[in-house]
Each structure stands twice: as structure tokens, then as C-alpha cells.
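Topology and contacts: notes
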Amino acid sequence: DAGVTQSPTHLIKTRGQHVTLRCSPISGHKSVSWYQQVLGQGPQFIFQYYEKEERGRGNFPDRFSARQFPNYSSELNVNALLLGDSALYLCASSLEGGYNQPQHFGDGTRLSIL
Amino acid sequence: GESVGLHLPTLSVQEGDNSIINCAYSNSASDYFIWYKQESGKGPQFIIDIRSNMDKRQGQRVTVLLNKTVKHLSLQIAATQPGDSAVYFCAETQAGTALIFGKGTTLSVSS
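Residues numbered from 1 in each chain as written. Chains lettered and ligands numbered in written order. Predicted model: local features only at pLDDT ≥ 70, side-chain atom pairs only at ≥ 80, totals over all residues. Heavy atoms only, no water.

1. Remarks on the pairing of strand β4 (residues 31-37) of chain A
Residues and elements named next belong to chain A.
- Within β4, 7 of the 7 residues are buried, which leaves the element mostly enclosed by the surrounding structure.
- Both faces of β4 are covered, namely the face carrying S31, S33, Y35 and Q37 and the face carrying V32, W34 and Q36.
- Looking at chain direction, β4 and strand β5 (residues 44-50) are connected through 6 bridges and run antiparallel. By the bridge assignment for β5, S33 is matched with Q48. (Buried < 20%, exposed > 50% of the residue type's maximum accessible area, 1.4 Å probe, protein only. Helix = DSSP H or I, 4+ residues; strand = E, 2+ residues; numbered from the N terminus. Pairing = 2+ DSSP bridges.)

2. Digging into the sheet that holds strand β7 (residues 64-68) of chain A
Residues and elements named next belong to chain A.
- With antiparallel pairing, the 4 strands of this open sheet are ordered in space as β1-β3-β8-β7. Looking at the sheet topology across the chains shown, the edges are occupied by β1 (5-7) and β7. Neighbouring strand axes in the sheet, compared pairwise and without regard to direction, differ in orientation by 15° on average.
- Judged from the 5 bridges that link them, β7 and strand β8 (residues 74-78) form a sheet pairing that is antiparallel. Each residue of the ladder has a partner; that of S65, found in β8, is N77. (Axes fitted to C-alpha atoms, helices over the stretch in contact; angles between N-to-C directions.)

3. Focus: the pairing of β5(A)
Residue and element names in this part refer to chain A.
- With 6 of 7 residues buried, β5 is to be regarded as a mostly interior element.
- Hairpin remark: β4 followed by β5, antiparallel, with 6 residues in the connecting loop; positive phi at G40, about 90°.
- Across 4 bridges, the pairing between β5 and strand β6 (residues 53-57) is antiparallel. Looking at β6, one finds that Q48 is bridged to G56.
- Linking β5 to β6, which pair antiparallel, is a turn of 2 residues; within it E51 sits at a positive phi near 50°.

4. Things to note about the confidence of the model for chain B
- Scored by pLDDT, chain B comes out at a mean of 91, with 94% of its residues at no less than 70.
- Of the regions scoring below 50 in pLDDT, residues 1-5 of chain B engages in 13 contacts with residues more than four places distant in sequence or in other chains. (pLDDT = per-residue confidence, 0-100. Contact = heavy atoms within 4.5 Å.)

5. Some thoughts on the interface of chain B and chain A
- With 22 residues of chain B in contact, the opposing surface of chain A contributes 17 residues.
- Around 1,400 Å² of area is buried between chain B and chain A when both sides are counted, 60% of it from carbon and sulfur atoms.
- On the chain B side of the interface with chain A, the three residues burying the most area are B:P44, B:L99 and B:F101, jointly 29% of the side's total.
- Inspection of the region where chain B meets chain A yields 0 salt bridges.
- For the pair chain B and chain A, the interface holds 5 residue pairs in polar contact (both at pLDDT 80 or more).
- Going through the elements one at a time, β3 (32-38), β4 (45-51) and β8 (86-93) of chain B are the ones with two or more residues in the side of chain B that touches chain A. (Buried area = accessible area lost by both parts, 1.4 Å probe. Salt bridge = Lys/Arg side-chain N within 4 Å of Asp/Glu carboxyl O. Polar contact = N/O pair within 3.5 Å; in protein donor to acceptor, adjacent residues only side chain to side chain.)

6. Let's talk about the pattern of salt bridges
Residue and element names in this part refer to chain A.
- Within this structure, the stated rule accounts for 7 salt bridges over all chains.
- The salt bridge involving E54 is made with R57; its shortest N-O contact spans 3.5 Å.
- Overall, the relative accessible area of 37% leaves E54 in the partly exposed class.
- For R57, a relative accessible area of 41% puts it in the partly exposed group.

This is how it looks when you write it as C-alpha cells:
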């Protein structure tokens, strides 16, 4: 079975641009969460979506937004990119909403801001 | 086996040794804990989880111990192999809150 898939794997943008990252969850999983991982640190929670609704939001500015589609795939959008947005963006899927269950991660999108 | 009492950012062991990676969690109300393994260039890989109504859980070559009194979590890896070399993260959560990841420990296994 395919795991969580993310695209693109790498992306280079300049300050002020916007970016859309995509995620397909494990088949049968209805919940998708997004995390930002800065080099040398653990992942930091951005959003969780379940059944197309936002179920949780971390401490990130409004420049970050996301949505989930009827097939449970998801997009993360970031506007007005800053140098500090350079990071690995991870998507994780789980069977249901909430956090008290295993979340399975994709290999991420490496975003570099110039 | 090699073990540490407090969190250390790196742990070096010989192949075949047992490894113990420690994690101090922050929230006494946390009731679910996960250990992840992250290899270079990859996303975190689920290893094992434990709920707060348990103090020990075993998987294949791994054991997680939970001490709620001192808010301490440990991951024991038996017969450590070179393929176990990676960064290991513990993560905690309580109902209604997102996963919070701890500081990672880099495990280096030499043959």
C-alpha cells in the first residue's frame, strides 16, 4: 500500500511569492495534518483537517492556509513568503480526526526561500 | 547497553548493543505518546506508541517505558543495528491538542 505522498519534493521560491504544497493521505485515512520542520528541530504543528473541516491550527500566521478535498487529499498554501519559511513541510495522515492515534508522515517538501 | 539519564542530543553505540533514548515530556495531562524515527532526507517514521494507562509496551526489538510520576519516556532498542542510525523524536499529546515533538536524539551505530 502506498504511504503518504507529497509533491513537489523540492521547491525554490523568492520572498513575497506564494506556494502550494500537496499531500495525498494513506488510502482509508480521513485526516491530514501539516507540520513545519526547521533544520535541527522537531516538527511543529500547523493544521489538522478532518472530513474537509479544519480541526486544529497551530501558532502560525494567517499567511498559512490549507484545505482538504472530498478525496481527503490536502493542500497547504503559504502567501507572502519570508526567508524564515524555509523548512521541510511534512504532511501526516491518520484514520480519524484528533491526535490520540498514530500519525503517518510523508517525506515532505523541502522549501527554500531566496 | 548504552543509556542516558537525561536527554542528550547524540548517542553513539556499537552494533549489537542495546540503546536507550530518553525523553522528558512537558505536560502532566498528556495521555498519548509516540516515538518516531527520522532518517536523513525522509519524514518521521512511526515506531511505537503508548497511552497513559500503560507503563510499558513492546514491539519488534523496541520497548517504550512511561513514567508518569517524573514525566519521562524512554525508547529501548535491542541489538542495535547500523540501520537504526537516525534521529529519534518523542511526541506527546492530550485529547484535543496537537502532537508536540520533543528534542530529537541522533543515534549513531558503528559496526
